[in-house]
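A look at the structure
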Amino acid sequence: FRTLFPLFGRGEMSFVQAVGLPYRKRSHFDAQDLLENGTSAPGSVHDGWLNRALMVRGMGQAIALGKTVPLVLRGEYATTAIDPLRNRDARPGLLDLMEDMYATDPLLATALEQGLASREQVKMAQTGLTEKKNRKKRMRQSLSVLGRLMAKDTGSQVAVMSFSGWDTHANQGGLSGNLAMRFENLALGLDEFRKALGPIWKETVVVMASEFGRTVRSNGTGGTDHGTGGLVTLLGGSVAGGKVYGDWPGLSTKSLYKGRDLKTTTDIRSVFKGVLRDHLGLGDKQLNRDVFPGSEAVSALNGLIRVS
(Lines give C-alpha, C1' and ligand atoms only; values in the text may rest on other atoms or scores of the structure.)
Protein backbone atom coordinates (compact mmCIF):
# COMPACT_ATOMS: atom_id res chain seq x y z
CA PHE A 1 0.00 0.00 0.00
CA ARG A 2 2.74 2.45 -0.92
CA THR A 3 0.08 4.69 -2.47
CA LEU A 4 -1.90 4.90 0.76
CA PHE A 5 0.81 4.61 3.40
CA PRO A 6 1.46 8.39 3.54
CA LEU A 7 -2.04 8.64 5.02
CA PHE A 8 -0.81 6.66 8.04
CA GLY A 9 1.88 9.25 8.69
CA ARG A 10 -0.66 12.07 8.33
CA GLY A 11 -2.98 10.43 10.85
CA GLU A 12 -5.62 9.48 8.28
CA MET A 13 -5.23 5.70 8.31
CA SER A 14 -5.32 3.09 11.09
CA PHE A 15 -5.48 -0.68 11.38
CA VAL A 16 -7.32 -3.06 13.69
CA GLN A 17 -5.46 -6.39 13.87
CA ALA A 18 -6.61 -9.92 14.72
CA VAL A 19 -10.23 -9.05 13.90
CA GLY A 20 -12.83 -11.69 13.11
CA LEU A 21 -16.41 -12.85 13.10
CA PRO A 22 -18.24 -14.81 15.82
CA TYR A 23 -17.89 -17.78 13.45
CA ARG A 24 -15.33 -20.57 13.18
CA LYS A 25 -16.37 -22.53 10.10
CA ARG A 26 -15.03 -21.88 6.62
CA SER A 27 -18.06 -21.25 4.41
CA HIS A 28 -17.76 -18.06 2.37
CA PHE A 29 -21.54 -17.83 2.12
CA ASP A 30 -22.18 -18.06 5.86
CA ALA A 31 -19.22 -15.81 6.73
CA GLN A 32 -20.29 -13.14 4.26
CA ASP A 33 -23.84 -13.31 5.60
CA LEU A 34 -22.57 -12.76 9.15
CA LEU A 35 -20.29 -9.91 8.11
CA GLU A 36 -23.27 -8.10 6.64
CA ASN A 37 -26.20 -9.11 8.85
CA GLY A 38 -24.40 -8.12 12.07
CA THR A 39 -25.55 -11.07 14.20
CA SER A 40 -23.84 -14.24 15.44
CA ALA A 41 -25.87 -16.66 13.30
CA PRO A 42 -25.97 -16.94 9.49
CA GLY A 43 -29.43 -16.40 8.03
CA SER A 44 -30.88 -15.17 11.31
CA VAL A 45 -32.07 -11.86 9.80
CA HIS A 46 -32.73 -10.67 6.28
CA ASP A 47 -31.58 -7.08 6.51
CA GLY A 48 -28.16 -5.53 7.09
CA TRP A 49 -26.60 -3.80 10.08
CA LEU A 50 -25.81 -0.63 8.12
CA ASN A 51 -29.38 -0.33 6.88
CA ARG A 52 -30.62 -0.72 10.46
CA ALA A 53 -28.13 1.93 11.60
CA LEU A 54 -29.45 4.32 8.95
CA MET A 55 -33.00 3.65 10.10
CA VAL A 56 -31.93 4.93 13.53
CA ARG A 57 -29.71 7.79 12.37
CA GLY A 58 -30.82 8.81 8.86
CA MET A 59 -28.15 10.04 6.43
CA GLY A 60 -29.91 10.73 3.13
CA GLN A 61 -30.10 8.09 0.43
CA ALA A 62 -27.47 5.35 0.65
CA ILE A 63 -25.56 4.11 -2.40
CA ALA A 64 -24.49 0.55 -3.18
CA LEU A 65 -21.66 0.42 -5.71
CA GLY A 66 -22.61 -2.36 -8.10
CA LYS A 67 -25.53 -3.94 -9.92
CA THR A 68 -27.32 -5.08 -6.76
CA VAL A 69 -27.69 -3.91 -3.15
CA PRO A 70 -25.58 -6.08 -0.80
CA LEU A 71 -27.15 -7.50 2.35
CA VAL A 72 -25.46 -4.95 4.63
CA LEU A 73 -27.57 -2.20 3.00
CA ARG A 74 -30.79 -4.15 2.50
CA GLY A 75 -33.79 -3.25 4.61
CA GLU A 76 -36.37 -0.54 5.12
CA TYR A 77 -34.02 2.40 4.59
CA ALA A 78 -33.87 3.82 1.04
CA THR A 79 -30.87 2.60 -0.95
CA THR A 80 -29.85 2.75 -4.61
CA ALA A 81 -27.59 0.35 -6.50
CA ILE A 82 -25.31 2.12 -9.00
CA ASP A 83 -22.93 0.56 -11.50
CA PRO A 84 -20.59 3.54 -11.99
CA LEU A 85 -19.10 2.24 -15.23
CA ARG A 86 -22.37 1.43 -16.96
CA ASN A 87 -23.51 4.02 -19.47
CA ARG A 88 -25.76 2.07 -21.82
CA ASP A 89 -29.13 3.78 -22.21
CA ALA A 90 -32.47 1.98 -22.13
CA ARG A 91 -34.24 1.17 -25.40
CA PRO A 92 -36.11 4.15 -26.88
CA GLY A 93 -39.56 4.51 -25.39
CA LEU A 94 -38.99 2.05 -22.54
CA LEU A 95 -38.68 4.71 -19.82
CA ASP A 96 -41.78 6.50 -21.10
CA LEU A 97 -43.69 3.22 -20.94
CA MET A 98 -42.47 2.56 -17.39
CA GLU A 99 -43.48 6.06 -16.29
CA ASP A 100 -46.99 5.44 -17.65
CA MET A 101 -47.21 2.02 -15.96
CA TYR A 102 -46.02 3.33 -12.57
CA ALA A 103 -47.98 6.60 -12.63
CA THR A 104 -50.77 5.26 -10.38
CA ASP A 105 -48.41 3.57 -7.90
CA PRO A 106 -46.66 6.16 -5.65
CA LEU A 107 -44.05 3.67 -4.41
CA LEU A 108 -42.95 2.51 -7.86
CA ALA A 109 -43.20 5.99 -9.36
CA THR A 110 -40.92 7.38 -6.64
CA ALA A 111 -38.43 4.53 -7.07
CA LEU A 112 -38.29 5.13 -10.83
CA GLU A 113 -37.82 8.87 -10.33
CA GLN A 114 -34.96 8.28 -7.88
CA GLY A 115 -33.37 5.76 -10.24
CA LEU A 116 -33.47 8.16 -13.18
CA ALA A 117 -32.01 10.94 -11.05
CA SER A 118 -29.21 8.62 -9.90
CA ARG A 119 -28.47 7.66 -13.51
CA GLU A 120 -28.05 11.29 -14.49
CA GLN A 121 -25.78 11.92 -11.52
CA VAL A 122 -23.59 8.96 -12.50
CA LYS A 123 -23.35 10.22 -16.08
CA MET A 124 -22.17 13.58 -14.78
CA ALA A 125 -19.61 11.90 -12.51
CA GLN A 126 -18.27 9.85 -15.44
CA THR A 127 -17.34 13.03 -17.29
CA GLY A 128 -13.59 13.24 -17.69
CA LEU A 129 -12.96 9.54 -17.07
CA THR A 130 -10.34 9.34 -19.77
CA GLU A 131 -9.12 5.80 -19.27
CA LYS A 132 -10.84 3.16 -21.37
CA LYS A 133 -12.99 0.90 -19.23
CA ASN A 134 -10.82 -2.05 -18.23
CA ARG A 135 -11.96 -5.05 -16.20
CA LYS A 136 -8.58 -5.24 -14.45
CA LYS A 137 -8.92 -1.59 -13.40
CA ARG A 138 -12.61 -1.77 -12.49
CA MET A 139 -12.04 -1.10 -8.80
CA ARG A 140 -9.92 1.94 -9.50
CA GLN A 141 -12.31 3.41 -12.07
CA SER A 142 -15.42 2.68 -10.00
CA LEU A 143 -13.99 4.36 -6.91
CA SER A 144 -12.98 7.38 -8.95
CA VAL A 145 -16.54 7.82 -10.26
CA LEU A 146 -18.01 7.22 -6.81
CA GLY A 147 -15.80 9.92 -5.30
CA ARG A 148 -16.97 12.43 -7.88
CA LEU A 149 -20.57 11.40 -7.33
CA MET A 150 -20.42 11.78 -3.54
CA ALA A 151 -18.57 15.10 -3.82
CA LYS A 152 -21.65 16.54 -5.52
CA ASP A 153 -24.65 17.69 -3.50
CA THR A 154 -26.72 14.56 -4.17
CA GLY A 155 -27.93 13.95 -0.61
CA SER A 156 -26.00 10.64 -0.41
CA GLN A 157 -23.60 10.42 2.53
CA VAL A 158 -23.19 6.65 2.85
CA ALA A 159 -21.91 4.19 0.24
CA VAL A 160 -20.97 0.51 0.24
CA MET A 161 -18.35 -0.80 -2.17
CA SER A 162 -18.07 -4.57 -2.62
CA PHE A 163 -15.46 -6.21 -4.85
CA SER A 164 -14.91 -9.92 -5.39
CA GLY A 165 -11.82 -11.77 -6.60
CA TRP A 166 -9.88 -12.02 -3.33
CA ASP A 167 -10.37 -15.79 -2.96
CA THR A 168 -6.80 -16.74 -3.86
CA HIS A 169 -6.64 -20.46 -3.22
CA ALA A 170 -3.83 -20.89 -5.75
CA ASN A 171 -1.07 -18.89 -7.47
CA GLN A 172 -1.55 -15.95 -5.15
CA GLY A 173 1.89 -14.49 -5.68
CA GLY A 174 3.93 -12.34 -3.31
CA LEU A 175 5.06 -8.80 -4.01
CA SER A 176 3.87 -9.38 -7.55
CA GLY A 177 1.09 -11.56 -8.93
CA ASN A 178 -2.68 -11.70 -8.87
CA LEU A 179 -3.30 -10.56 -5.30
CA ALA A 180 -0.67 -7.82 -5.40
CA MET A 181 -2.21 -6.44 -8.60
CA ARG A 182 -5.66 -6.29 -6.99
CA PHE A 183 -4.25 -4.54 -3.91
CA GLU A 184 -2.51 -2.02 -6.15
CA ASN A 185 -5.71 -1.24 -8.05
CA LEU A 186 -7.64 -0.95 -4.79
CA ALA A 187 -5.06 1.45 -3.34
CA LEU A 188 -5.00 3.58 -6.48
CA GLY A 189 -8.79 3.65 -6.53
CA LEU A 190 -9.02 4.72 -2.92
CA ASP A 191 -6.47 7.44 -3.54
CA GLU A 192 -8.53 8.74 -6.48
CA PHE A 193 -11.66 8.50 -4.32
CA ARG A 194 -9.92 10.63 -1.69
CA LYS A 195 -8.86 13.24 -4.24
CA ALA A 196 -12.33 13.36 -5.82
CA LEU A 197 -14.00 14.02 -2.46
CA GLY A 198 -11.93 17.16 -1.98
CA PRO A 199 -12.74 18.96 1.30
CA ILE A 200 -15.35 16.30 2.18
CA TRP A 201 -12.47 13.88 2.86
CA LYS A 202 -11.80 15.55 6.21
CA GLU A 203 -15.28 14.42 7.36
CA THR A 204 -15.04 10.92 5.88
CA VAL A 205 -14.47 7.44 7.29
CA VAL A 206 -13.76 4.47 5.01
CA VAL A 207 -13.94 0.99 6.56
CA MET A 208 -12.33 -1.91 4.68
CA ALA A 209 -13.24 -5.36 5.96
CA SER A 210 -13.41 -8.96 4.76
CA GLU A 211 -15.32 -12.03 5.88
CA PHE A 212 -12.09 -14.02 6.30
CA GLY A 213 -8.46 -13.49 7.17
CA ARG A 214 -5.58 -15.35 5.52
CA THR A 215 -3.99 -18.59 6.59
CA VAL A 216 -0.54 -17.98 8.06
CA ARG A 217 1.16 -20.38 5.64
CA SER A 218 0.59 -20.95 1.94
CA ASN A 219 -1.09 -24.16 0.83
CA GLY A 220 0.37 -26.65 -1.66
CA THR A 221 -0.80 -24.62 -4.65
CA GLY A 222 0.62 -21.30 -3.46
CA GLY A 223 -2.56 -19.75 -2.08
CA THR A 224 -4.04 -18.59 1.23
CA ASP A 225 -7.64 -18.03 2.23
CA HIS A 226 -10.44 -18.98 4.62
CA GLY A 227 -8.37 -17.83 7.58
CA THR A 228 -9.80 -16.72 10.92
CA GLY A 229 -8.23 -13.56 12.33
CA GLY A 230 -7.92 -10.74 9.82
CA LEU A 231 -7.48 -6.99 9.44
CA VAL A 232 -9.77 -3.97 9.27
CA THR A 233 -8.34 -0.82 7.68
CA LEU A 234 -9.78 2.62 8.46
CA LEU A 235 -9.10 5.64 6.26
CA GLY A 236 -10.36 9.20 6.21
CA GLY A 237 -9.94 12.64 7.65
CA SER A 238 -12.19 11.75 10.58
CA VAL A 239 -10.09 8.71 11.53
CA ALA A 240 -7.80 8.93 14.56
CA GLY A 241 -5.01 7.61 12.38
CA GLY A 242 -1.42 6.53 12.71
CA LYS A 243 -2.37 3.74 15.12
CA VAL A 244 -2.72 -0.05 15.26
CA TYR A 245 -5.55 -1.31 17.48
CA GLY A 246 -6.27 -4.75 18.90
CA ASP A 247 -4.37 -7.37 20.90
CA TRP A 248 -1.74 -9.31 18.94
CA PRO A 249 -1.93 -13.06 19.73
CA GLY A 250 1.37 -14.01 18.05
CA LEU A 251 2.30 -16.36 15.20
CA SER A 252 3.98 -19.21 17.03
CA THR A 253 2.41 -22.60 16.30
CA LYS A 254 0.88 -22.84 19.77
CA SER A 255 -0.63 -19.36 19.36
CA LEU A 256 -2.41 -20.12 16.10
CA TYR A 257 -6.04 -21.16 15.83
CA LYS A 258 -6.04 -24.86 14.91
CA GLY A 259 -2.37 -24.52 14.05
CA ARG A 260 -3.05 -22.56 10.85
CA ASP A 261 -4.78 -19.23 11.51
CA LEU A 262 -4.21 -16.01 13.34
CA LYS A 263 -6.49 -16.04 16.38
CA THR A 264 -9.30 -13.53 16.67
CA THR A 265 -8.93 -11.17 19.63
CA THR A 266 -11.46 -8.51 18.53
CA ASP A 267 -15.00 -9.12 17.32
CA ILE A 268 -15.40 -7.18 14.08
CA ARG A 269 -18.69 -5.76 15.38
CA SER A 270 -16.63 -3.83 17.96
CA VAL A 271 -15.04 -1.91 15.10
CA PHE A 272 -18.35 -1.23 13.36
CA LYS A 273 -19.89 -0.13 16.65
CA GLY A 274 -17.00 2.21 17.41
CA VAL A 275 -17.38 3.93 14.03
CA LEU A 276 -21.17 4.17 14.21
CA ARG A 277 -21.10 5.53 17.75
CA ASP A 278 -18.27 8.05 17.44
CA HIS A 279 -18.71 9.11 13.82
CA LEU A 280 -22.48 8.93 13.31
CA GLY A 281 -23.55 9.49 16.90
CA LEU A 282 -25.51 6.30 17.62
CA GLY A 283 -25.90 5.36 21.27
CA ASP A 284 -24.79 2.09 22.85
CA LYS A 285 -28.37 1.02 23.53
CA GLN A 286 -29.32 1.64 19.90
CA LEU A 287 -26.31 -0.32 18.71
CA ASN A 288 -26.99 -3.30 20.98
CA ARG A 289 -30.75 -3.39 20.48
CA ASP A 290 -31.48 -2.10 16.96
CA VAL A 291 -28.31 -2.38 14.89
CA PHE A 292 -26.52 -5.48 16.27
CA PRO A 293 -29.27 -7.29 18.21
CA GLY A 294 -28.03 -9.61 20.91
CA SER A 295 -24.52 -8.13 20.97
CA GLU A 296 -24.49 -6.62 24.46
CA ALA A 297 -21.27 -8.50 25.29
CA VAL A 298 -19.48 -6.86 22.35
CA SER A 299 -18.30 -3.38 23.34
CA ALA A 300 -17.63 -0.59 20.87
CA LEU A 301 -13.91 -0.13 20.22
CA ASN A 302 -12.80 3.24 21.59
CA GLY A 303 -10.57 5.84 19.98
CA LEU A 304 -11.11 5.04 16.30
CA ILE A 305 -12.55 8.45 15.40
CA ARG A 306 -10.83 11.81 15.67
CA VAL A 307 -12.23 14.08 18.37
CA SER A 308 -12.99 17.57 17.03
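Residues numbered from 1 in each chain as written. Predicted model: local features only at pLDDT ≥ 70, side-chain atom pairs only at ≥ 80, totals over all residues. Heavy atoms only, no water.

1. A word on the packing of aromatic side chains
Each aromatic ring pair is described using two quantities: the centre-to-centre distance and the angle formed by the ring planes. Applicable threshold: Each pair of aromatic rings taken from Phe, Tyr and Trp, with Trp reduced to its six-membered ring, is defined by centres within 6.5 Å and is described as stacked if the planes are under 30 degrees apart, edge-to-face if over 60, and tilted in the remaining cases. A run of H or I in DSSP becomes a helix once it reaches four residues, and a run of E becomes a strand once it reaches two; helices and strands are each numbered from the N terminus. Should the NZ of a Lys or the CZ of an Arg lie within 6 Å of a ring centre and within 35 degrees of the ring normal, that charge is described as sitting over the ring.
In this structure the tally under the stated criterion is 5 aromatic pairs. Ring geometry for Phe5 versus Phe8: centroids 5.6 Å apart, planes at 15°, classification stacked. One end of the pair, Phe5, and the other, Phe8, are both in helix H1 (residues 5-9), 3 residues apart, so they sit about a helical turn from each other. In textbook terms, an aromatic cluster arises when at least three aromatic residues are bridged by ring pairs, as seen for Phe5, Phe8 and Phe15. Directly above the ring of Tyr257 sits Arg24, whose terminal nitrogen or CZ lies 6.0 Å from the centroid. For Arg182, the ring lying beneath its charged end belongs to Trp166, and the centroid distance is 4.8 Å.

2. Comments concerning helix H2 (residues 28-37)
Which entries qualify depends on this criterion: Burial classes: relative accessible area under 20% of the type maximum marks a residue as buried, over 50% as exposed, and values in between as partly exposed (1.4 Å probe, protein chains only). Any two residues whose heavy atoms approach within 4.5 Å at even a single point are treated as in contact. Whenever a nitrogen or oxygen atom comes within 3.5 Å of another N or O atom, the pair is scored as a polar contact, on the condition that within protein one atom can donate a hydrogen and the other can accept it, and that pairs from neighbouring residues in sequence are kept only if both atoms are in side chains.
For H2, the complete set of buried residues consists of Ala31, Asp33, Leu34, Leu35, Glu36 and Asn37. On the buried face of H2, the contacting elements are helix H3 (49-57) and helix H8 (268-280). The distance from a side-chain oxygen at the start of H2 to the backbone nitrogen of Phe29 is 3.3 Å, and the residue carrying that oxygen is Ser27. Immediately beyond the C-terminal end of H2, within one or two residues, lies Gly38, with a positive phi of roughly 75°.

3. Notes on a nonpolar patch on the surface
Selection rule: Note on patches: the residues involved have over 30% relative accessible area and no salt bridge, like charges join within 9 Å, and the nonpolar side chains Val, Leu, Ile, Met, Phe, Trp and Tyr join within 5 Å. Accessible areas in this description were obtained via Shrake-Rupley with a 1.4 Å probe; residue shielding takes into account the shown protein chains only. We count a salt bridge whenever a side-chain nitrogen from Lys or Arg sits within 4 Å of a carboxyl oxygen from Asp or Glu.
On the surface, a nonpolar cluster with roughly 290 Å² of combined accessible area is contributed by Val216, Trp248 and Leu251. As for its position among the elements, Val216 is in the loop between strand S5 (206-208) and strand S6 (230-235).

4. As for the sheet that holds strand S3 (residues 79-82)
Using the following cut-off: The rule for pairing is simple: two strands pair if DSSP sees at least two bridges between them. Here the axes come from fitting lines to C-alpha atoms, over the contacting stretch only for helices, and the angles between their N-to-C directions go from 0 to 180 degrees.
Spatially, the 3 strands line up as an open sheet ordered S3-S2-S4, and their pairing is parallel. What marks the edges here is a single partner per strand, and that holds for S3 and strand S4 (158-161). Across the sheet, the mean angle from the axis of one strand to that of its neighbour is 20°, orientation sign disregarded. As paired strands, strand S2 (residues 62-65) and S3 are joined by 4 bridges and run parallel to one another. Paired with Ala64 across the bridge in S3 is Ala81.

5. Comments concerning unusual backbone geometry
Despite not being glycine, Ala18 shows a phi value in the positive range, around 55°. Topologically, Ala18 is positioned in strand S1 (residues 13-20). Relative accessible area serves as the criterion here: at 1%, Ala18 is assigned to the buried category. Backbone geometry places His226, a non-glycine residue, at a positive phi of 55°. If you trace the backbone, His226 turns up in the loop between S5 and S6.

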